[in-house]
Structures are given as structure tokens and as C-alpha cells.
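Notes for the structure review
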Amino acid sequence: MKTGFRHASLAILLMSYAVPILAQDLGPGFTKVKDGIYVYAAKEGNSTCSVVLTQEGPVIIDTCQTPPDSHRLMAGVKKLTDKPVRFVIDTEVHNDHTFGHFVFSPPAVVINHEGATEGMKKGYDPKRVETLSAQSPEMREAVKGYRMITPHLEYRNKMTINLGERTFELLYLKNVHSEADTAVWLPKERVLFAASAANVRSIINLRPFVTIPDILASYRLMKSLNPEIVVPGHGPVSTTKIFDEYEGFYSLLLQRVSDMAAQGKSLEQIKKELKMPEYSDWSGQDRLGVNIDVAYKSVKQN
Ligand SMILES: [Zn+2]
């Protein structure tokens, strides 16, 4: 009886001393966002990749900038749980978010919006493994076992996943960055994974099929969720202030392009003359030209 009581109190004592895993225990580049939610990026500007733990196993959101990063995320996941990865959710189709799927799947089931498989196949570079392997011995090791894994599930407009204690709402962001962009919203935790609709103080490489009105609509949609934490596709964990900053950038860009077009200037003239000095400290200044292309198209459509 007495021994049993001692064992019980010892167990309680040990439990109270059990130290939770801190982000730094997972290695450099990990940030804890909330209990059981960690974001990883090896260095600034890299794509973010994240793990959300659930009682039913972890969910991965994007599979990192490079294959060594994917392996480091996986090593972090193994420190957090011994349960197999259930799902990989893609926020876009590009390689710097999807190339590492082979590290997690199988067993993970990969999900993105309709059009993702087609987009990934279009962007497929058969020489990429060879090119990466030539970079370093670490890279050569990390790409071993690579095969392209396109989404097993494609949803349309909206999808809800209830896994253990968590709910994941997948929301389609139309025409904002790639052929299929998904924002992932955790309503109970008020954490939003915002894809690459907005990054952090960086001019984004806009593809010809995106439109600025659609980008602005995506910010309104994501702000209406009232998230507490916003995890961008690239850049440090932030808040909805990144949407406000990009709204400011695109609105001013549209205004300037519209004014110059109204003065009869050609796209070439506008690209030569238009400056955005208010945003000169943002990275990606060489992408201003493609942003003007997209803004000009939006202006001409109106
Ligand atoms: Zn991208």
C-alpha cells in the first residue's frame, strides 16, 4: 500500500518535471507557433514548412525549400511524435514547397486544390535531381529515393479535415500565385497558413495568370477569418499586417500603372519609368517588372 502510494507520487513528480520540447530542441530554424505547431525554415527567405501535431498523428504543411531541409523537418517531427505523418497539405505547386514529398509519403496522403497535379507536371524538371546532386555531397544524399509525388487528393474550393482534436480548413485562393494555392486555417487555434499570396516585405514573382484583384480578394478573405498568427509561404511568422502591407503595395502599383496608361504611355514606357521608392527596402526588386506586367493587364481589363 505504502509502496504503491510512493510510486504514484513519484510518477506525479516525474510528470510535473517532464520538460516540453522546445523549438530549439528541434534544431536551428524551428519556430514554435502554438502548442504542437512548429514552423521550419533553414534560412530567411526560404519557403516555410510546418508540422501540426494531432492525437491522430502529425500533419505537414509544405515540404520545404530543399531536400536536406525536408529531412531536417522530418527529424524534428520524429522528436515530437512517433506517430506516422497522416497528411501533407500543399499551399502551392512549386518545387520549393513540394519537391520534398517523397520524404513524408508514403505514408502521408498529399492534398492540394484541383489543378495542382497538372501544375506540378507542367513545372517538372527531369534534370533537377541531377542538378541538385551536383551541388554538394549532402544534397546528393538527401535526394536519394526522390520521386515526384503529386496530390493524392484534389479538392474544389473548400475542404475540411477533422483529425483528432484539430480542424483544418483548406481554402482555395484563386489566381494568386501558382496553379493551385491553398490557405490552411485552424479555427480553434486561430493560426493561418497563408500560402504565397503575401510573403514578408518581398516583391513576389507574379506569374502571368495571376491577377491583382484576385490577390486583393484573397487578403480580404484571409483577414475576414481574423487570425491571430499568419504563417507566410516565405518569411518569418507574422500577423495580418503582411496583408495590409501588400494591399498598400498593389493598390499603389495599380494606381500608378493606371495613371500612366491614362496618359497614353505604353507598357514598355511604364516599365522604364515606374518606380516604387516607398518599397525600396523590400527584397526582390528585380521582380517589379513582372508585377507591372500583371498590373497593366488588370488595368486594361477594366
Ligand atoms: Zn511559389
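Think of each chain on its own: its residues are numbered from 1, step by step along the sequence as written. Owing to the predicted nature of the model, reporting of local features is limited to residues with pLDDT of at least 70; listing and counting of side-chain atom pairs is limited to 80 or more, with chain, interface and lining totals taken over all residues. Note that water and hydrogens are dropped before the side-chain values are worked out from all heavy atoms of the structure.

Let us look at the packing of helix H8 (residues 241–262) against helix H10 (residues 288–301). Running from N to C, H8 and H10 point in directions that differ by 65°, and their axes come no closer than 9 Å. In terms of axis orientation, H8 runs roughly perpendicular to H10. Where H8 crosses over H10, the two elements pack in a sense that is right-handed. Two secondary-structure elements touch here, H8 through Phe249, Tyr250, Leu253, Leu254, Val257, Ser258 and Ala261 and H10 through Leu288, Asn291, Ile292, Ala295, Tyr296, Ser298 and Val299. Each residue gets one of three labels, nonpolar for Ala, Val, Leu, Ile, Met, Phe, Trp, Tyr, Cys and Pro, charged for Asp, Glu, Lys and Arg, and polar for the others, Gly among them. Looking at the contact of H8 with H10, its residues break down into 11 nonpolar, 3 polar and no charged. In this description, a line fitted to the C-alpha atoms serves as the axis of each element, helices being fitted only across the stretch in contact, and the angle between N-to-C directions of two axes falls anywhere from 0 to 180 degrees. Every helix listed is a DSSP run of H or I at least four residues long, and every strand listed is a run of E at least two residues long, numbered separately from the N terminus. We call two directions roughly parallel when the angle between them is under 35 degrees, roughly antiparallel when it is over 145, roughly perpendicular when it lies between 65 and 115, and oblique otherwise. The sense of a crossing depends on the near helix, which, turned anticlockwise from the far helix by less than a right angle, makes the crossing left-handed and, turned clockwise, makes it right-handed. Residues count as neighbours in contact if any of their non-hydrogen atoms are within 4.5 Å of one another.

Here a donor is any nitrogen, oxygen or sulfur atom (N, O, S) within 2.8 Å of the metal, with 3.2 Å used for Na, K and Ca; water is not among the atoms considered, so some sites may look incomplete. For the zinc ion, every protein donor is listed as Glu92 (OE), His94 (ND1) and His177 (NE2), and the spread of their distances is 2.1 to 2.2 Å. Along the chain, the residues donating to the zinc ion are arranged with the sequence spacing E-x1-H-x82-H. Of this pair, His94 sits in the loop between strand E5 (87–89) and helix H3 (95–98) while His177 sits in the loop between strand E9 (166–173) and strand E10 (181–186), placing them 83 residues apart in sequence. Taken individually, His94 and His177 each receive the classification buried, so the pair is uniform in this respect. Think of it in three bands: residues with accessible area under 20% of the maximum for their type are buried, residues over 50% are exposed, and the middle band is partly exposed, with areas taken using a 1.4 Å probe on protein chains only.

Below, the discussion takes up the nonpolar core. One broad trend across soluble globular proteins is that nonpolar side chains are buried collectively. In this description, a nonpolar core means a group of buried Ala, Val, Leu, Ile, Met, Phe, Trp, Tyr and Cys residues linked to one another through side-chain atoms lying within 4.5 Å. Among the nonpolar cores identified, the biggest contains 41 residues, and Tyr219, Met222, Phe243, Phe249, Tyr250, Leu253 and Val257 are the most heavily contacted of them. If you list the elements that add at least two residues to this core, you get E9, E10, helix H7 (212–224), H8, helix H9 (267–273) and H10. At 9 residues, the largest contribution of residues to this core is made by H8. Beyond its immediate sequence surroundings of up to four residues, Tyr250 is in contact with Ile204, Leu206, Ile212, Ile215, Leu216, Tyr219 and Asn291. The next biggest cluster of nonpolar side chains, apart from the first, holds 27 residues, and it includes Ala23, Leu80, Phe102 and Tyr146.

What follows concerns the sheet that holds strand E4 (residues 59–61). Any two strands with at least two DSSP bridges between them are considered paired. Ordered in space as E1-E2-E3-E4-E5-E6-E7, the 7 strands form an open sheet in which the pairing is mixed. For this open sheet the edge positions go to strand E1 (30–34) and strand E7 (153–155), each flanked by a neighbour on one side alone. Here the average twist between neighbouring strands, direction ignored, is 25°. In the sheet, strand E3 (residues 49–52) pairs with E4 via 3 bridges, with the strands oriented antiparallel. Bridge pairing links Ser50 to Ile61 in E4.

One side-chain nitrogen of Lys or Arg within 4 Å of one carboxyl oxygen of Asp or Glu is enough to make a salt bridge. Enumeration over the complete set of coordinates arrives at 15 salt bridges. Between Glu114 and Arg156 there is a salt bridge, and its shortest N-O distance comes to 2.7 Å. Separated by 42 residues along the polypeptide, Glu114 in the loop between strand E6 (109–113) and helix H4 (116–122) and Arg156 in the loop between E7 and strand E8 (158–163) bring together distant segments of the chain. A salt bridge links Asp281 to Arg201; the shortest N-O distance between them is 2.6 Å. Pair noted here: Asp281 is in the loop between H9 and H10 and Arg201 is in the loop between strand E11 (191–193) and H7, with a separation of 80 residues, a long-range link. Given the relative accessible area of 52%, Asp281 is considered exposed. A single salt-bridge network, built from bridges that share partners, covers Asp69, Arg72 and Glu138.

As a further point, take the packing of aromatic side chains. Two rings from Phe, Tyr or Trp (for Trp, the six-membered ring) form a pair when their centres sit within 6.5 Å of each other. Planes less than 30 degrees apart are called stacked, planes more than 60 degrees apart edge-to-face, and all others tilted. Counting across every chain of the model gives 10 aromatic pairs. Between the aromatic rings of Tyr219 and Phe243, the centroid separation amounts to 5.5 Å while the plane-to-plane angle is 25°, which identifies the pairing as stacked. Highlighted residues: Tyr219 in helix H7 and Phe243 in helix H8, separated in sequence by 24 residues. The class of Phe243 is buried, set by a relative accessible area of 0%. The rings of Tyr246, Phe249, Tyr250, Tyr279 and Trp282 are connected pair by pair, giving a single aromatic cluster. Geometrically, a lysine NZ or arginine CZ counts as sitting over a ring once it is within 6 Å of the ring centre and also within 35 degrees of the ring normal. The residue whose ring lies beneath Arg128 is Phe99, and the NZ or CZ to ring-centre distance is 4.6 Å.

Let us now look at the sheet that holds E8. The strand order across the open sheet built from 5 strands is E8-E9-E10-E11-E12, with neighbouring strands paired in mixed fashion. Edge positions in the sheet fall to E8 and strand E12 (229–231), since each has one partner strand and no second. Strand-to-strand twist of the sheet, defined as the mean angle between neighbouring strand axes without regard to direction, takes the value 20°. Of the strand pairs in this sheet, E10 and E11 are connected by 3 bridges, and their pairing is antiparallel. Residue pairing for E11: Leu186 is matched across the bridge by Val191. Each of E9, E10 and E11 touches H7; the most contacted strand, E9, lies at about 160° to it.

So, to be careful, I would describe these as geometric facts and stop short of saying anything about function.
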